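Take a look at the letters that make up each chain.
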There are 2 protein chains.
Amino acid sequence: MTVQYPKGFQPRQAKAIVQAKQKTDIKSFSKRGIGLEDEINEANAYYLANNLAVIHKKPTPITIVKVDYPNRAMAKITEAYFNKASTTDYNGLYQGKYIDFDAKETRNKTNFPLKNFHEHQMLHLKRILIQGGVGFVIIRFTSLDESYVYPAEALIAHYEAKDGKKSIPYADIARDGFLIEKQLQPALDYLRAVDVWLENLDNKE
Amino acid sequence: MTVQYPKGFQPRQAKAIVQAKQKTDIKSFSKRGIGLEDEINEANAYYLANNLAVIHKKPTPITIVKVDYPNRAMAKITEAYFNKASTTDYNGLYQGKYIDFDAKETRNKTNFPLKNFHEHQMLHLKRILIQGGVGFVIIRFTSLDESYVYPAEALIAHYEAKDGKKSIPYADIARDGFLIEKQLQPALDYLRAVDVWLENLDNKE
């Protein structure tokens, strides 16, 4: 991943858009690559349809500069720019609990590079913890085909550690995170891993 | 308000954008008119800075079709369209509670027209209530200079009533809603009205 993308914009989307420009059908393309984001969206749709949770991906933040009105019923944005996201990508409500998270993947097998996260995301997750919310990241090791719910507390501790390390060892994530077991529907039932985490917390208290 | 706007797009934004096309500076314009949305944004910034709550306005949902890269560091969206919003405009976390709301204003003095709300927003607020969240709308009567936190339960009851009425009487909103008292900072301290509401609920139980 050496291509430069604007902040707050997911590489998968950029790729899909560039490809869509060639194919002129963005929708057929976004369905092709079933990546982490697609699986989270699928899980959220499943949770919503079954009244299990109300969790949505936030729209990509942009600044709109020009809008044309080719006809009365239509508005076409002709100039806009990507903004830096000031929060995480997902939030919502699960059985009375406020849920807030971001999702990242790496091909690295031994550690997760911290450069995947930005200062403002860490600050946001800190604020969520202060206000009593459930904050975490979903980290996927694509080469290992393993995804974890990794608590924000642990992530922030690594991010703020003054040991000069720029990544979190895989072993740490496997130990402190909660493996998302694969299943049929939804494929990525991450709230089950959240349940295990919260049950562990209750037992510790 | 007879102009046709795309769904999910706020008239104030449209006005600002059209004006910005003439003035070529969207930012100076959006600061000019201090409307309901600006006051909510100001309150949210105040809550965030003082660790009182983490509540954000969601970005306007759009579908991006074309992106140009005039240079390596820049991405310019040259074709995009507005999507219908499937949720409310604001959500977040307040002292462990999930908060979810929309904001609407009317110049009408005697009632609030229900056409300001859409089916999908009602469905979303219903889901929030099922999952134990705090759902409401902030309704401003601009001519009366009064703003209320109006619980989602009451709004949904009016929306689903089969009495053929297409508006909520002002008296109902003043009775079942919680007036947002004006103050200096933030000007629209809507969470204080939410506090009064939740205290009332606790006393009833």
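So, how was this worked out
- Residues numbered from 1 in each chain as written.
- Chains lettered and ligands numbered in written order.
- Predicted model: local features only at pLDDT ≥ 70, side-chain atom pairs only at ≥ 80, totals over all residues.
- Heavy atoms only, no water.
- Helix = DSSP H or I, 4+ residues; strand = E, 2+ residues; numbered from the N terminus.
- Buried < 20%, exposed > 50% of the residue type's maximum accessible area, 1.4 Å probe, protein only.
- Contact = heavy atoms within 4.5 Å.
- Areas by Shrake-Rupley, 256 points an atom, 1.4 Å probe, with all protein chains shown as cover.
- Pairing = 2+ DSSP bridges.
- Buried area = accessible area lost by both parts, 1.4 Å probe.
- Salt bridge = Lys/Arg side-chain N within 4 Å of Asp/Glu carboxyl O.
- Polar contact = N/O pair within 3.5 Å; in protein donor to acceptor, adjacent residues only side chain to side chain.
- Nonpolar A, V, L, I, M, F, W, Y, C, P; charged D, E, K, R; others polar.
- Least-squares fit on C-alpha atoms with pLDDT ≥ 70 in both.
- Phe/Tyr/Trp six-rings, centres within 6.5 Å; stacked < 30°, edge-to-face > 60°.

Considering the overall build of chain A
Helix and strand content of chain A: seven helices and 10 strands. Within chain A, the proportion of its 205 residues that are buried is 47%. Restricting to contacts in chain A with at least 6 residues of sequence separation, those with at least 24 account for 61%. Total accessible area computed for chain A in this model is approximately 10700 Å², and 50% of it derives from carbon and sulfur atoms.

Examining the pairing of strand S5 (residues 97–106) of chain A
Note on strand geometry: in a regular strand, side chains alternate between the two faces of the sheet. Residue and element names in this part refer to chain A. Judged by how many residues are buried, S5 sits mostly within the fold: eight of 10 residues are covered. The antiparallel hairpin formed by strand S4 (residues 90–94) and S5 contains two residues in its connecting segment, where Gln95 sits at a positive phi of about 45 degrees. Examined bridge by bridge, S5 and strand S7 (residues 134–141) share eight bridges and lie parallel to one another. Counted as the bridge partner of Glu105 is Arg140 from S7.

Some details on the interface of chain A and chain B
The partner chain B presents 50 residues to the 50 residues of chain A that form the contact. A buried area of about 4200 Å², summed over both sides, lies between chain A and chain B, and 65% of it is on carbon and sulfur atoms. By the criterion of area lost to chain B, the three top residues of chain A are Ile77(A), Leu93(A) and Gln131(A), representing 15% of everything that side buries. Across the contact surface, chain A and chain B share zero salt bridges. Inspection of the region where chain A meets chain B yields 11 residue pairs in polar contact (both at pLDDT 80 or more). Secondary structure elements with two or more residues in the side of chain A that touches chain B: helix H1 (11–23), strand S1 (54–57), strand S2 (62–71), strand S3 (74–82), S4 and helix H4 (119–130) of chain A. When residues of the side of chain A that touches chain B are assigned to their parent elements, the largest contribution, nine residues, is made by S3(A). Class assignment of the residues belonging to the side of chain A that touches chain B gives a composition of 28 nonpolar, 15 polar and seven charged. Two strands pair when backbone bridges link them, and S3(A) and strand S3 (residues 74–82) of chain B are joined in this way by four bridges, in the antiparallel orientation. Bridge pairing in S3(B) links Ala80(A) to Ile77(B).

So, the sheet that holds S5(A)
Read across the sheet, six strands follow the order S1-S4-S5-S7-S8-S10 (chain A) without closing on themselves; strand pairing throughout is mixed. The sheet terminates laterally at S1 and strand S10 (178–179) of chain A, the two strands that pair on one side only.

Details of the pattern of salt bridges
All names here are of chain A. Inspection of every chain in the model, using the stated rule, returns 14 salt bridges over all chains. The closest approach of N and O atoms between Glu160 and Lys126, which form a salt bridge, is 2.5 Å. Of this pair, Glu160 sits in helix H5 (residues 152–160) while Lys126 is found in helix H4, placing the two residues 34 residues apart along the sequence. Exposure remark for Lys126: the relative accessible area of 33% places this residue in the partly exposed category. Three or more residues joined by partner-sharing salt bridges are found here, namely Asp172, Arg175 and Asp176.

Description of the relation of the copies chain A and chain B
Structural alignment of chain A on chain B gives an RMSD of 0.0 Å, achieved by rotating through 180 degrees and translating 0.0 Å along the axis. With respect to symmetry, the two chain copies, as superposed, fit the operation of a two-fold axis. Using C-alpha coordinates, one finds that chain A approaches the rotation axis most closely at Thr78(A), a distance of 2.3 Å. A high fraction, 100%, of the interface residues of chain A reappear at the interface in chain B, so the copies pair face to face through one surface.

What to know about the packing of aromatic side chains
For the structure shown, the criterion picks out 25 aromatic pairs over all chains. Here Phe136(A) and Trp197(A) contribute two aromatic rings whose centre-to-centre distance is 6.1 Å and whose plane-to-plane angle is 85 degrees, an arrangement assigned as edge-to-face. Residue Phe136(A) is found in strand S7, and its partner Trp197(A) is found in helix H7 (residues 190–204); the two are separated by 61 residues along the sequence. Of the two residues examined, Phe136(A) and Trp197(A), each falls in the buried class. Look at Phe178(B) and Trp197(B): their rings are 6.3 Å apart centre to centre, the planes differ by 20 degrees, and that puts the pair in the stacked class.

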